[in-house]
There are 2 protein chains.
Amino acid sequence: MAVKPKVKCQKCAMYSETGLFCDVISPDELDGLSDESRTATLKRGETFSGEALTTWPIVAVATGVLSMQHLLEDGRKSIAALFMQGDIIDLRDISNRNRGHLIALSTSNVCRLSPAMFQRIMESNPDAQHVVWRNLRDQTFRAIDHSADLSKKQALEKLASFIFECRHRQARNVSENSVVIPVRRVDLAEYLGMQPETVSRCFRNLEERGIVELKSIKHVKLLSIPALRRIANGDKNPVNLRDPAKDTFKILSFG
Amino acid sequence: MAVKPKVKCQKCAMYSETGLFCDVISPDELDGLSDESRTATLKRGETFSGEALTTWPIVAVATGVLSMQHLLEDGRKSIAALFMQGDIIDLRDISNRNRGHLIALSTSNVCRLSPAMFQRIMESNPDAQHVVWRNLRDQTFRAIDHSADLSKKQALEKLASFIFECRHRQARNVSENSVVIPVRRVDLAEYLGMQPETVSRCFRNLEERGIVELKSIKHVKLLSIPALRRIANGDKNPVNLRDPAKDTFKILSFG
DNA sequence: CACAGCGTTTGACTTTCGTCAAACCCTTGG
DNA sequence: CCAAGGGTTTGACGAAAGTCAAACGCTGTG
């Protein structure tokens, strides 16, 4: 009977954007999932209670930015990951070990998916499985790349990498050399493991060198993408001075 | 007919260890997968050629330690992730974007799984799907936790966290307060985003304070787990001085 | 409209960690 | 068994980024 999406799904990006989870499942599956799931709007700084996450450990992000934050004993906190549109955050079975908190960085619309329905769809619908699998792998490699960025020592390099990360995530919506920074300076600093002051100094540095232009606090225009790319790749000099002998490793032949 | 595992699988940890992928699939599935897959032994420093990874993008780790390394233009490199027994590394569709290299840090036995067979088993066997899904989520949250560790400023804190990470991964095999560091100092330094000299100084620091004892270069005995835990959590003082008012965030109630 | 409060930027100073150089140690191979 | 080579440790020094303090700017609200 009900083959039209529920009211709450009709305007939700998880359904209306091409290729996201609720777009690739069948109308019946969407109907069942919708019945058992709960939408929510979070404002900046809000999180879910532990109780809510136990019952609803699977969160789909429709709009906005969520973060996984870790708190240290002395009050320092770090943002370990960012989640945006289309990300499905599956926290089943890890709430105890992992002491991270899921906190909104901007007003966000999310949908807490019914674990049972989600599981059933995953087991029966290869398309859905593919989308979710792909999204989780993207999250994994994003986190791995981010780890690589963090262990890159230079603050400027980390900022350059982050600008490309933002650009990559909004590839379609935005013109070629305009990038939106979707988080505040303080959050950006915590994500990159540095201080807001340092973030500010690095933006100024890039601007003084004519590599970017800050149209507003969150709109960055890229004036020299190659220069920014070289910085992100750890190339401080204008000429590439890498010694190719230093990074050899044996290649295991096909067998 | 063939319901006994292929010779190459009989001693492989992916099959013989409880709960790993090749242990939870059916004998027929294992048989088919084995026929289409390729085992390999890598020595320290060896990697797969790009060509090999295009044809065999799914690598299961049976023994040893593999790393995902990123090279910077000036020769610096960073180890962004570590893969150990039971990890299934799925590099399908990401070889181009992600410039990381999969490199062995110690002698390792791996199995390049047939993508077609892997996919078929994933779609038809919920148990296998569950194991692989769980493993990928572990990889994701390990990478996220690692990002949090890296953005924690202090070198000592990062080392303490790493010791717990090692302990966590070898929970069953080893006695309560003995931990094996499965990688060399240089690799450890690159994984934690610091210099080998700093790693050395931090180990000495922990030893001088009576928190750990180095039985050998890779065997660490934990003398005071609570003290190590406090360091890992960013608590520099003996007494916990955190101001609870500083880390409040609004909790979105159940709805 | 003006004020309050937070977020951001700037500058001066401090500290941690990286850099360089050399000694030491452990493994590997002749 | 000895020698060679890479990996690890130690110490002295320097630089990048953190800390502190204050000014500036934006935003929302009475």
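Residues numbered from 1 in each chain as written. Chains lettered and ligands numbered in written order. Predicted model: local features only at pLDDT ≥ 70, side-chain atom pairs only at ≥ 80, totals over all residues. Heavy atoms only, no water.

K.L.:
Which residues make up the relation of the copies chain A and chain B, and what values go with them?
P.N.:
These two copies of the chain differ by a rotation about an axis and a displacement along the same axis. Overlay of chain A on chain B (RMSD 0.0 Å): rotation 180°, translation along the axis 0.0 Å. As the rotation angle and translation indicate, the two copies are arranged about a two-fold axis. Of the C-alpha atoms belonging to chain A, the one lying closest to the rotation axis is found on Thr140(A), 2.2 Å away. A shared binding surface is used by both copies, with 100% of the interface residues of chain A retained as interface residues in chain B. (Least-squares fit on C-alpha atoms with pLDDT ≥ 70 in both. Contact = heavy atoms within 4.5 Å.)

K.L.:
Tell me about the protein's contact with DNA strand C, and name the residues and values.
P.N.:
Neighbouring DNA strand C are 18 residues, the closest being Arg185(A), Arg204(A), Ala155(B), Thr198(B) and Arg201(B). The protein-proximal atoms of DNA strand C, defined as those within 4 Å of the protein, are 76% sugar or phosphate. The backbone of Val186(A) places a nitrogen or oxygen atom 3.0 Å from a phosphate oxygen of DNA strand C. Backbone polar atom of Ala155(B) to a phosphate oxygen of DNA strand C: 2.7 Å apart, as the coordinates give it. At the level of elements, helix H9 (185-192) and helix H10 (196-208) of chain A together with helix H10 (196-208) of chain B are the ones that each hand at least two residues to the surface near DNA strand C. At four residues, H10(A) tops the list of elements feeding residues into the surface near DNA strand C. Looking at the surface near DNA strand C residue by residue, the classes come out as four nonpolar, five polar and nine charged. (Near = heavy atom within 4 Å. Polar contact = N/O pair within 3.5 Å; in protein donor to acceptor, adjacent residues only side chain to side chain. Helix = DSSP H or I, 4+ residues; strand = E, 2+ residues; numbered from the N terminus. Nonpolar A, V, L, I, M, F, W, Y, C, P; charged D, E, K, R; others polar.)

K.L.:
Summarise the interface of chain A and chain B; cite the residues concerned and give the values.
P.N.:
Listed as interface residues are 79 residues of chain A and, on the opposing side, 79 residues of chain B. Summed over both sides, the interface of chain A with chain B buries roughly 7400 Å², with 58% coming from carbon and sulfur. Counting across the chain A and chain B interface gives six salt bridges. For Arg76(A), the salt bridge identified is with Glu157(B), shortest N-O distance 2.9 Å. On inspection of chain A and its partner chain B, the count reaches 12 residue pairs in polar contact (both at pLDDT 80 or more). Ranked by the residues each element gives to the side of chain A that touches chain B, the list is headed by helix H7 (residues 126-151) of chain A, at 18 residues. Considered class by class, the residues forming the side of chain A that touches chain B number 28 nonpolar, 25 polar and 26 charged. (Buried area = accessible area lost by both parts, 1.4 Å probe. Salt bridge = Lys/Arg side-chain N within 4 Å of Asp/Glu carboxyl O.)

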